[in-house]
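As a plain string of letters, each chain reads:
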Amino acid sequence: MYENTFPSKRFQHTLAFLQKHISKDESILDLGVENPFSKILEEHGYVVENTKGEDLDIDFSAVMQSNAQVITAFEIFEHLLAPFNVLREIKANKLVASIPLKLWFSSAYKSKTDPWDRHYHEFEDWQFDWLLEKSGWEIQDRAKWTNPVKKIGIRPLLRSFTPRYYIVYATRKTD
């Protein structure tokens, strides 16, 4: 998954944001297969279960059958064709989700070797907010951060001050 890089800065920001809003006694269903970050959460005392690699555009059973109090989705929704559908089916009342932001100077990501590692969506923050609102969530907190790279050039320079990641803490709207 992380061929030559490990996203330490992203993981640090994500963990700090999660710790701000989610207690360690709340169970978590993390959308996406077990990964280095889900292991970091467990090392920090969280109880985490991951989905098993099912296509979340089609198969909502993991979120519908889960009794987890919190759903986390870290860089997942940009891979889905229709994230609205799975967001509507979540039973938990708390959601912590992050996405890579659309960068005007960079095209959508597509792995040349992994057909699952593609971005169908490259969200702007307002688009992600709207998606959450339309699917029944109310954003309680949000944060953004940059992702500088150690390269020379115009794009690397732009990445040093253009926010790349967006994270939200949302609760299920009550009617």
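Right above here is the structure, for reference.
The notes below deal with the structure included here. Per chain, residue numbering runs from 1 following the sequence as it is written. pLDDT decides what is reported in this predicted model: residues at 70 or higher carry local features, side-chain atom pairs at 80 or more are listed and counted, and totals for whole chains, interfaces and linings draw on all residues regardless. Where side-chain values are given, they derive from all heavy atoms of the structure, hydrogens and water being excluded.

## Focus: the sheet that holds strand β6 (residues 165-172)
When DSSP locates at least two bridges between a pair of strands, those strands are taken to pair. Under the scheme used here, helices are H or I runs from DSSP no shorter than 4 residues and strands are E runs no shorter than 2 residues, and both carry numbers assigned from the N terminus. Taking strand neighbours across the sheet as the criterion, the six strands line up as β2-β1-β3-β4-β6-β5 in an open arrangement whose pairing is mixed. With partners counted over all chains shown, the strands left at the sheet margins are β2 (48-50) and β5 (137-145), one partner each. If you compare each strand with its neighbour and ignore which way they point, the axes differ by 20° on average. Sheet topology note: the strand β3 (residues 70-74)/strand β4 (residues 94-100) ladder contains five bridges and is parallel. Considered in β4, the bridge of Ile71 is made with Leu95. Between N-to-C directions, angles span 0 to 180 degrees; the directions come from axes that are lines fitted to C-alpha atoms, helices contributing only their stretch in contact.

## Some thoughts on unusual backbone geometry
One non-glycine residue with positive phi stands out, namely Glu75, at about 55°. Mapped onto the secondary structure, Glu75 falls in the loop between β3 and α4 (83-89). The exposure class of Glu75 is buried, given its relative accessible area of 11%. Partly exposed describes any residue whose relative accessible area lies between the buried limit of under 20% and the exposed limit of over 50%, with all areas from a 1.4 Å probe on protein chains only and scaled to the type maximum.

## Details of helix α1 (residues 8-21)
Expected helix span is given by 1.5 Å per residue-to-residue step, counting one fewer step than there are residues. Taking 1.5 Å per residue as the helical rise, α1 with its 14 residues ought to reach 20 Å, and the 20 Å between its terminal C-alpha atoms agrees with that figure. Buried within α1 are the following residues: Arg10, Phe11, Thr14, Leu15, Phe17, Leu18 and His21. Angular distribution of buried residues about the axis of α1 spans 165°; they occupy a single face of the element. In α1, the exposed residues that point more than 90 degrees away from the buried face are Gln12 and Lys20. By construction, the arc corresponds to the directions joining the helix axis to the C-beta atoms.

## What about the packing of α1 against helix α2 (residues 36-43)?
Contact geometry of α1 with α2 gives a least axis separation of 11 Å together with a crossing angle of 45°. Put simply, α1 runs oblique to α2. Relative to α2, the crossing made by α1 is right-handed. Contact residues: Phe11, Thr14, Leu15 and Leu18 in α1; Pro36, Phe37, Ile40 and Leu41 in α2. What sets the label is the angle itself: under 35 degrees gives roughly parallel, over 145 gives roughly antiparallel, 65 to 115 gives roughly perpendicular, and the rest give oblique. Crossing handedness is defined as follows: a turn of the near helix away from the far one that is anticlockwise and smaller than a right angle gives a left-handed crossing, while the clockwise case is right-handed. In what follows, a contact means two residues having at least one pair of non-hydrogen atoms within 4.5 Å.

## Overview of the nonpolar core
Here, nonpolar core refers to any group of buried Ala, Val, Leu, Ile, Met, Phe, Trp, Tyr and Cys residues whose side-chain atoms link them within 4.5 Å. In this structure, Leu31, Phe77, Leu87, Ile90, Leu95, Phe128 and Leu132 are the most contacted members of the largest nonpolar core, which totals 28 residues. Those elements giving two or more residues to this core turn out to be β3, α4, β4, α5 (125-134), β5 and β6. Apart from residues lying up to four places away in sequence, Ile90 is in contact with Val63, Ile71, Leu95, Trp137 and Arg172. Listed in part, the 18 residues of the second largest apolar core include Phe37, Val48, Val96 and Tyr169.

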